[in-house]
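Listed below, chain by chain, are the residues.
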Amino acid sequence: MNNSSILIGNSFPLSLMRREVVIAPVSLADLLEETATRRICSFWGHANTLRAASAATGLDLTPVTARPVLELSPDNLPLFNGQLFTGCWIVSPDYRGNFRPAVGEEVDESKIAGWQILKITWR
């Protein structure tokens, strides 16, 4: 397991959840506490929201490669760039009004009212 790095992205594919998980809303302070002593491994997938999310969190969420790919280990834990993780942090937008993006739509920053942070922990 990787204790020196934190896995973070804008969403996590449900198709890669193949064992029990706990998903809990957390505060920005919780995220910042975790990132204070750990390196960020970002799999951020939407370039148009990257700047806004980085500004909102005060963190550089830029991935090393564009549209990075997550994998699963033989134990069905997240594997990213050869590193195994038991947890993942998701920073997702809260949209204004009743806005709901179309499938595959890149969302303009003006439609984002704020951000929610979720922590996923694999058991």
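Because the structure is predicted, anything quoted here is derived from the model rather than measured.

Let us now look at the layout of surface pockets. Computed from the structure, the largest pocket encloses a volume of approximately 540 Å³. For the largest pocket, the lining is made up of 22 residues, of which Asn-10, Ser-11, Gly-45, His-46 and Arg-67 are closest to its centre. It is strand S7 (residues 87-95) that contributes the most residues to the lining of the largest pocket, three residues altogether. For the lining of the largest pocket, a count of residues per class yields twelve nonpolar, eight polar and two charged. Lining the second largest pocket are 14 residues, and of these Arg-38, Thr-86, Gly-87, Trp-89 and Lys-119 sit closest to its centre. Elements with a minimum of two residues in the lining of the second largest pocket: strand S1 (5-9), S7 and strand S8 (112-122).

A word on the side chain of Asn-10. With respect to the helices, strands and loops of the structure, Asn-10 is situated in the loop between S1 and strand S2 (21-26). When its relative accessible area of 11% is taken as the criterion, Asn-10 is described as buried. At 2.8 Å, the side chain of Asn-10 and the backbone nitrogen of Gly-45 are in polar contact.

Moving on to the confidence of the model for the protein chain. Confidence in the prediction for the protein chain averages 92 pLDDT; 98% of positions are at 70 or higher. The element-level mean pLDDT for the protein chain is lowest in helix H2 (residues 47-57), coming to 90, with S2 highest at 98.

On to the sheet that holds strand S5 (residues 78-80), then. With antiparallel pairing, the three strands of this open sheet are ordered in space as S4-S5-S6. Edge strands, defined here as strands with exactly one partner in the open sheet, are strand S4 (71-72) and strand S6 (83-84). Pairing analysis gives two bridges linking S5 to S6, with the strands arranged antiparallel. Bridge pairing in S6 places Phe-80 opposite Gln-83.

Our next topic: the sheet that holds S7. The strand order across the open sheet built from five strands is S2-S8-S7-S1-S3, with neighbouring strands paired in mixed fashion. Each of the sheet's edge strands pairs with one partner strand only, and the pair in question is S2 and strand S3 (39-42). The mean angle between the axes of side-by-side strands here comes to 30°, regardless of whether they run parallel or antiparallel. As defined by bridge partners, S7 adjoins S8 across nine bridges and the pair is classed as antiparallel. When the sheet's bridge partners are listed, Cys-88 is paired in S8 with Ile-120.

Time to look at the side chain of Ser-54. Within the secondary structure, Ser-54 is located in helix H2. Those residues in contact with Ser-54, other than ones at most four positions away along the chain, are Leu-59, Asp-60 and Leu-61.

So, how was this worked out
- Residues numbered from 1 in each chain as written.
- Predicted model: local features only at pLDDT ≥ 70, side-chain atom pairs only at ≥ 80, totals over all residues.
- Heavy atoms only, no water.
- 1 Å grid on protein atoms, 1.4 Å probe; cavity = no way out; pocket = protein on both sides within 12 Å on 5 of 7 lines; lining within 4 Å.
- Points joined across faces, edges and corners; volume = space filled by probe spheres on them.
- Helix = DSSP H or I, 4+ residues; strand = E, 2+ residues; numbered from the N terminus.
- Nonpolar A, V, L, I, M, F, W, Y, C, P; charged D, E, K, R; others polar.
- Buried < 20%, exposed > 50% of the residue type's maximum accessible area, 1.4 Å probe, protein only.
- Polar contact = N/O pair within 3.5 Å; in protein donor to acceptor, adjacent residues only side chain to side chain.
- pLDDT = per-residue confidence, 0-100.
- Pairing = 2+ DSSP bridges.
- Axes fitted to C-alpha atoms, helices over the stretch in contact; angles between N-to-C directions.
- Contact = heavy atoms within 4.5 Å.

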